Amino acid sequence: MTLDEIKAAVDAGQTVHWANTGYIVHLDRLGQYLINYVPNGSCIGLTDRSGQWLNGKEAEFFIALSEDGAENSGSQSRPDGQGRGVAPGRAGTFPLGRQL
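Okay, so let's go over this structure. (Residues numbered from 1 in each chain as written. Predicted model: local features only at pLDDT ≥ 70, side-chain atom pairs only at ≥ 80, totals over all residues. Heavy atoms only, no water.)

Quick word on the packing of aromatic side chains
Rules: Within 6.5 Å between ring centres, the rings of Phe, Tyr and Trp (the latter by its six-membered ring) count as paired, and their orientation is classed by plane angle as stacked under 30 degrees, edge-to-face over 60, tilted in between. A simple rule labels every residue: compare its accessible area, found with a 1.4 Å probe on the protein chains alone, to the largest value its type can have, and call it buried under 20%, exposed over 50%, or partly exposed in between. Going along the chain from the N terminus, every DSSP run of H or I of four or more residues is numbered as a helix, and every run of E of two or more is numbered as a strand.
Enumeration over the complete set of coordinates arrives at 3 aromatic pairs. With 4.7 Å between their ring centres and 75° between their planes, W18 and Y23 make a pair best called edge-to-face. Residue Y23 is classed as partly exposed on the basis of its relative accessible area, which comes to 22%. Arranged with centres 6.4 Å apart and planes meeting at 35°, the rings of W18 and F61 form a pair that is tilted. Here F61 lies in strand 5 (residues 61–63) and W18 lies in strand 1 (residues 16–18), a separation of 43 residues in the sequence. Like W18, the residue F61 is buried in the burial classification. An aromatic cluster is present here, built from W18, Y23, Y37 and F61 joined pairwise through their rings.

Some words on the nonpolar core
For the record, the criterion: The term nonpolar core refers to a set of buried residues drawn from Ala, Val, Leu, Ile, Met, Phe, Trp, Tyr and Cys, joined through side-chain atoms within 4.5 Å. Whether two residues touch is decided by their heavy atoms; if any such pair falls within 4.5 Å, the residues are in contact.
I6, V16, V25, L46 and F61 are the most contacted members of the largest nonpolar core, which totals 14 residues. The set of elements that each furnish at least two residues to this core consists of helix 1 (3–11), strand 1, strand 3 (33–37) and strand 5. Looking at which element gives the most residues to this core, the answer is helix 1, with 4 residues. Look past the residues within four positions of F61 in its chain and what remains in contact with it is M1, I6, V16, H17, W18, V25, I35, L46, L54, N55 and G56.

The structure is reproduced here in structure tokens:
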């Protein structure tokens, strides 16, 4: 997604994710677009300080779709089947820390 597509989707009330569904792009009350990591609440700006360059690759931003095609299902993978922290073919592994 391009920067303009991301902003338009957020403004339209759609949930835009970055890299995986743990990251959500939102607009704060000051009008800043932020990427929020939901599990711990940390945030970074959607763009660099100039407002022109995304803090991530365009291909890493997506709107989650459910199996029936509805938006925002909470799916843990990107539309292309890739996701951060999981090696291809190793969906059951934990990338960092102790494995349970």
